[in-house]
There are 2 protein chains.
Amino acid sequence: MKRPATSTDVARRAGVSQSTVSLVLRGKDEGRVTAETAARVRAAARDLDYEPNAVALNLKRGRADVVALVVPTITQPYFASVLVEAEKEARGAGCDVILFDSGGDDDWTHRLARMVRSTQLDGAIVWAPTDDEVAALTSIRDRLVLVEAGSDQFTRIDLQIEHGASLVAEHLAGLGHRRVGYFAVHPARETYLRRRRALADSLGEHDGVIVETCSIESALDLDAAEQAAGAMLDAIGADDSVTAVVCDDDLLAAALVTVCAERDVAVPGRVSVVGYGDLTISRLVRPQLTTVSLPPSVGRLAMSSLLDAVRGRPRTRRTPGLVSVPVTLVERASSAAPQQL
Amino acid sequence: MKRPATSTDVARRAGVSQSTVSLVLRGKDEGRVTAETAARVRAAARDLDYEPNAVALNLKRGRADVVALVVPTITQPYFASVLVEAEKEARGAGCDVILFDSGGDDDWTHRLARMVRSTQLDGAIVWAPTDDEVAALTSIRDRLVLVEAGSDQFTRIDLQIEHGASLVAEHLAGLGHRRVGYFAVHPARETYLRRRRALADSLGEHDGVIVETCSIESALDLDAAEQAAGAMLDAIGADDSVTAVVCDDDLLAAALVTVCAERDVAVPGRVSVVGYGDLTISRLVRPQLTTVSLPPSVGRLAMSSLLDAVRGRPRTRRTPGLVSVPVTLVERASSAAPQQL
DNA sequence: TTGTAAGCGTTATCAC
DNA sequence: GTGATAACGCTTACAA
């Protein structure tokens with residue numbers, strides 16, 4: 001491949017100055033360049049297969065038109081859909097998205113901060129960072145949108161997890177459950193802790209009626225989940241009063257339901273199962289999972305917030321704010337009233 | 001946020017020239033700058049929180065250190081793992097990855113070509129493009145790695161689908177199956193057509209013994225798949241001789257197995273099911289799926305090929321080549337000898 | 001109507 | 001040892 005043609009090459013070929021080329025090709029030749037000259041320039045550009053150098057352009061404008069999306073693990077299907085939504089929104093604004101997997105690399109905060117400060121990146125959406133990570137990011141806080149984390153120094157998007165938890169508590173208490181187990185993700189990111197605390201709080205509002213009485217932790221992969229699900233069933237088997245299990249993620253819930261089937265534990269007869277995520281697998285397993293649906297539209301929202309923040313004129317720029325996104329409970333076959341003992 | 005400090009700011013503060021700053025900070029001051037001066041420069045840089053402007057740097061070097069990964073749909077779990085692998089490899093070479101979803105936008109070829117030619121992107125990995133798409137990309141062919149597609153003008157990575165197909169054929173024929181159904185993805189990208197043709201060829205080698213006799217198509221989403229799976233079972237119900245179904249994707253296979261369970265069709269007793277992908281769901285459904293495993297390491301391979309191609313010195317640059325990656329058959333519980341009729 | 005020239009932030013080649 | 005100065009490719013006053 002030959003060196004790509006520059007605007008100077010085009011100018012030379014059209015027999016005009018380089019600035020005229022720029023004028024014409026950027027459409028700013030309104031009554032400044034003869035139609036004939038303009039045509040000559042355009043022809044030359046076409047002949048040389050000219051494409052403006054985007055890097056030079058960025059340098060000139062001091063803007064990269066690239067933002068980052070940082071997620072804990074892109075292999076979680078939920079994040080794939082978030083990425084798609086965010087991408088779509090960004091694309092519409094002429095902006096590209098690069099992906100960081102914060103799970104893969106513990107030094108990502110510094111890399112991100114450096115890239116933002118070196119104008120390689122206009123900004124970033126950061127999903128569920130830990131408190132430490134948030135602290136490491138303060139130097140670039142006005143080019144950041146945080147999802148499910150952060151203080152009011154940051155622009156944030158928040159899922160209404162508390163509301164989701166109250167829906168779950170209401171649902172289970174209403175069905176007549178009195179003791180629930182919790183199937184938690186380990187290691188427990190803040191997001192998961194929040195889910196769990198929120199559920200505990202919501203259960204607390206039905207005071208004395210319904211409480212979390214046992215819990216098991218598992219890594220977010222299938223093998224670990226199936227093993228932990230076995231442990232969960234052992235625990236439940238030893239305590240008849242536990243008639244429902246809330247899971248931090250649909251993958252855990254799916255594993256639990258599957259292991260139940262293998263052990264002839266009736267779902268939802270013996271135990272009701274509730275997940276988080278409304279992922280594809282929640283409809284693939286039998287019984288299909290009752291689950292808290294986390295809308296992927298958060299990706300779109302976060303991106304539009306970010307674009308506002310980094311593109312907005314200074315006077316337009318809003319103070320850091322908090323947008324709260326509702327979650328919903330999707331009731332499917334994995335939860336029902338506990339069978340009489 | 002204030003304007004970030006430039007090397008000129010640092011120079012001013014250290015009381016030296018801007019070029020000295022560059023020398024010191026890039027570590028090229030070997031016996032050229034006094035230790036004392038160097039220290040002063042470094043101190044100034046630290047004070048000002050200086051970060052070299054990456055865009056200026058790229059302009060200077062004519063390289064972006066960003067490549068794209070183009071996949072048909074990132075929401076397919078397989079591609080998420082591919083992305084992770086590719087990312088890891090790129091990161092190691094100081095390169096970032098941006099993602100294109102070719103499914104989302106039919107003009108992506110032009111966008112990609114423009115970005116490459118404008119030096120915004122050093123190159124790209126393109127997954128399973130159609131022939132038309134390949135044609136649209138020839139202008140940037142030496143900065144491309146194609147996966148599962150393309151002619152020998154391109155650097156390519158290929159899955160050994162034919163070999164996979166022969167494993168499947170061998171497996172099913174060996175178990176005693178004589179008539180198989182095909183559960184295909186619609187719309188049929190070249191990748192899928194290849195899978196299917198390859199299977200037909202492999203079955204043909206067991207001439208007259210085993211053949212594909214019926215097929216159903218479905219979009220790659222769960223609702224469509226479950227509906228199509230129903231149709232497949234109707235077809236099979238009407239023809240006892242069909243005792244196995246090969247599916248273009250584990251999602252289809254999972255849906256089929258699930259619908260079988262609902263209709264009390266025994267798997268693998270009445271019908272064996274084979275999928276493609278070895279995705280998480282293949283181990284979540286019961287029976288677990290026999291499936292052709294497509295190694296995510298292809299992502300790593302493709303990225304290292306690409307980096308070679310775009311980073312390599314001209315004299316080092318290899319001619320376009322073809323790397324072929326083996327696939328394997330993972331035998332699980334969804335396939336077995338057909339039950340005697 | 002067109003061209004000249006400054007500047008975006010770097011790196012690198014020379015003089016001093 | 002250090003500092004002008006010329007690129008890199010572009011946009012945009014401003015001059016002609």
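Thresholds, definitions, all that
- Residues numbered from 1 in each chain as written.
- Chains lettered and ligands numbered in written order.
- Predicted model: local features only at pLDDT ≥ 70, side-chain atom pairs only at ≥ 80, totals over all residues.
- Heavy atoms only, no water.
- Contact = heavy atoms within 4.5 Å.
- Buried area = accessible area lost by both parts, 1.4 Å probe.
- Salt bridge = Lys/Arg side-chain N within 4 Å of Asp/Glu carboxyl O.
- Polar contact = N/O pair within 3.5 Å; in protein donor to acceptor, adjacent residues only side chain to side chain.
- Helix = DSSP H or I, 4+ residues; strand = E, 2+ residues; numbered from the N terminus.
- Nonpolar A, V, L, I, M, F, W, Y, C, P; charged D, E, K, R; others polar.
- Axes fitted to C-alpha atoms, helices over the stretch in contact; angles between N-to-C directions.
- Parallel < 35°, antiparallel > 145°, perpendicular 65-115°, else oblique.
- Left-handed = near helix turned anticlockwise from the far one by under 90°.
- Near = heavy atom within 4 Å.
- Least-squares fit on C-alpha atoms with pLDDT ≥ 70 in both.
- Buried < 20%, exposed > 50% of the residue type's maximum accessible area, 1.4 Å probe, protein only.
- pLDDT = per-residue confidence, 0-100.
- Core = buried A, V, L, I, M, F, W, Y, C linked by side-chain atoms within 4.5 Å.
- Expected span 1.5 Å × (residues − 1).
- Disulfide = S-S within 2.5 Å.
- Pairing = 2+ DSSP bridges.

The name recorded for chain A in an unreviewed UniProt entry is LacI family DNA-binding transcriptional regulator, from Nocardioides hwasunensis.

Caption draft 1: Region of interest: the interface of chain B and chain A. Taken together, the contact between chain B and chain A spans 52 residues of the former and 52 residues of the latter. Both faces considered, chain B and chain A share a buried interface measuring about 4,500 Å² in area, 60% of it formed by carbon and sulfur atoms. Where chain B packs against chain A, one counts 10 salt bridges. Two residues, Arg286 of chain B and Glu226 of chain A, come together in a salt bridge whose shortest N-O distance is 3.1 Å. Where chain B touches chain A, the interface holds 15 residue pairs in polar contact (both at pLDDT 80 or more). Among the secondary structure elements, those contributing two or more residues to the side of chain B that touches chain A are helix H4 (54–61), helix H5 (77–92), strand E2 (96–101), helix H6 (108–117), helix H10 (222–237), helix H11 (250–262) and helix H12 (281–284) of chain B. A per-class count over the side of chain B that touches chain A returns 25 nonpolar, 11 polar and 16 charged.

Caption draft 2: Summary view of the packing of helix H8 (residues 161–175) of chain A against helix H9 (residues 190–205) of chain A. All names here are of chain A. Where H8 contacts H9, the two axes come as close as 8 Å, and the packing angle between them is 50°. Here H9 runs oblique to H8, going by the angle between their axes. In this structure, the crossing between H8 and H9 has a hand that is right-handed. Across the interface between the two elements, Ile161, Glu162, Ala165, Ser166, Val168 and Ala169 of H8 pack against Arg194, Arg195, Ala198, Leu199, Ser202 and Leu203 of H9. Grouping the constituent residues of the contact of H8 with H9 by class yields 7 nonpolar, 2 polar and 3 charged.

Caption draft 3: Molecular detail of the protein's contact with DNA strand C. Inspection of the region around DNA strand C gives 25 residues, with Ser19, Thr34 and Thr37 of chain A together with Ser7 and Gln18 of chain B positioned closest. Atoms of DNA strand C within 4 Å of the protein: sugar and phosphate make up 58%, bases the balance. One nitrogen or oxygen atom from the side chain of Lys60 of chain A is found 2.7 Å from a base nitrogen belonging to DNA strand C. Arg26 of chain B has a polar side-chain atom sitting 3.2 Å from a phosphate oxygen of DNA strand C. Those elements that provide at least two residues to the surface near DNA strand C are helix H2 (18–25) and helix H4 (54–61) of chain A together with helix H2 (18–25) and H4 of chain B. In terms of residue count, the dominant contributor to the surface near DNA strand C is H2 of chain B (3 residues). Broken down by class, the residue content of the surface near DNA strand C amounts to 6 nonpolar, 12 polar and 7 charged.

Caption draft 4: Fine view of unusual backbone geometry. Across the junction of His186 of chain A and Pro187 of chain A, the peptide omega takes the value 0°, indicating a cis bond. Note on placement: Pro187 of chain A falls in the loop between strand E6 (179–185) and H9. The residue after Arg286 of chain A, namely Pro287 of chain A, is reached through a cis peptide bond having omega -5°. By the secondary structure assignment, Pro287 of chain A is in the loop between helix H12 (281–284) and strand E10 (290–293). The phi torsion at Asp264 of chain A lies on the positive side, around 60°, for a residue other than glycine. Within the secondary structure, Asp264 of chain A sits in the loop between helix H11 (250–262) and strand E9 (272–276). Located in the positive-phi region is Asp278 of chain B, a residue other than glycine, with phi close to 55°. Structurally, Asp278 of chain B is set in the loop between strand E9 (272–276) and H12.

Caption draft 5: Just the relation of the copies chain B and chain A, in detail. For the pair chain B and chain A, the relating rotation is 180°, the translation along its axis is 0.0 Å, and the fit reaches an RMSD of 0.1 Å. In symmetry terms, the pair is related by a two-fold rotation axis. Relative to the rotation axis, the C-alpha of Ile98 of chain B is the closest in chain B, positioned 2.2 Å from it. Comparing interface residues between copies, 100% of those in chain B also lie at the interface in chain A; the contact surface is shared.

Caption draft 6: Region of the structure containing the environment of Glu51 of chain A. Mapped onto the secondary structure, Glu51 of chain A falls in the loop between helix H3 (35–48) and H4. Residue class for Glu51 of chain A comes out buried when judged on its relative accessible area of 16%. Sequence separation between Glu51 of chain A and Ala5 of chain A is 46 residues; the distance between their C-alpha atoms is 7.2 Å. Those residues in contact with Glu51 of chain A, other than ones at most four positions away along the chain, are Ala5 of chain A together with Arg114, Arg117 and Ser118 of chain B. There is a polar contact of 2.8 Å between the side chain of Glu51 of chain A and the side chain of Arg117 of chain B.

Caption draft 7: A look at the confidence of the model for chain A. Residues with a pLDDT of 70 or more make up 96% of chain A, whose mean pLDDT is 91. Mean pLDDT in chain A bottoms out at strand E2 (residues 96–101) of chain A, which sits at 89, and peaks at E10 of chain A, which reaches 98.

Caption draft 8: Looking closely at the nonpolar core. Ranked by internal contacts, the top residues of the largest apolar core, which has 160 residues, are Trp127, Phe183 and Leu256 of chain A together with Trp127, Phe183 and Leu256 of chain B. When neighbours within four sequence positions are excluded, Trp127 of chain A is seen to be in contact with Leu69, Val70, Val71, Pro72, Tyr78, Phe79, Val82, Val147, Glu148, Arg189, Val298 and Gly299 of chain A. Listed in part, the 40 residues of the second largest apolar core include Ala124 of chain A together with Val70, Val126 and Ile140 of chain B.

Caption draft 9: Here's a closer look at helix H10 (residues 222–237) of chain A. The end-to-end C-alpha distance of H10 of chain A, which contains 16 residues, comes to 22 Å, matching closely the 22 Å that a straight helix rising 1.5 Å per residue would cover. All buried positions along H10 of chain A are accounted for by Leu222, Ala225, Glu226, Ala228, Ala229, Gly230, Met232, Leu233 and Ile236 of chain A.

Caption draft 10: Spatial organisation of the protein's contact with DNA strand D. Close contacts around DNA strand D come from 26 residues, with Ser7, Gln18 and Tyr50 of chain A together with Arg32 and Thr34 of chain B the closest. Across the atoms of DNA strand D situated within 4 Å of the protein, the share located in sugar and phosphate is 62%. For DNA strand D, a phosphate oxygen lies 3.0 Å from a polar atom in the side chain of Arg26 of chain A. At 2.6 Å, a backbone N or O of Thr34 of chain B approaches a phosphate oxygen of DNA strand D. Of all the elements in the fold, those that place two or more residues in the surface near DNA strand D are H2 and H4 of chain A together with H2 and H4 of chain B. Sort the elements by how many residues they give to the surface near DNA strand D and H2 of chain A lands first, with 4 residues. Residue classes in the surface near DNA strand D are distributed as 7 nonpolar, 13 polar and 6 charged.

Caption draft 11: Structural detail: the state of the cysteines. Across all of its chains, the model carries 0 disulfides over all chains by this definition. The structure places no disulfide on Cys260 of chain A, whose sulfur is separated from the nearest cysteine sulfur, that of Cys247 of chain A, by 9.3 Å. In this model Cys95 of chain B remains outside any disulfide bridge; the closest cysteine sulfur is found in Cys95 of chain A, 18 Å from its own. For Cys95 of chain B, a relative accessible area of 1% corresponds to the buried category.

Caption draft 12: Representation of the sheet that holds strand E12 (residues 328–330) of chain A. Residues and elements named next belong to chain A. Spatially, E7-E6-E8-E9-E10-E12 is the arrangement adopted by the 6 strands of the open sheet, whose pairing is mixed. Both outer strands of the open sheet, strand E7 (211–218) and E12, are each paired with one neighbouring strand and no more. Across the sheet, the axes of successive neighbouring strands diverge by a mean angle of 20°, strand direction being ignored. Bridge analysis of E9 against E10 gives 3 bridges, and the strand direction is parallel. When the bridges of E10 are listed, Tyr276 appears paired with Val292. Strands E6, E7 and strand E8 (242–247) of the sheet are contacted by H10, whose axis makes an angle of about 150° with E7.

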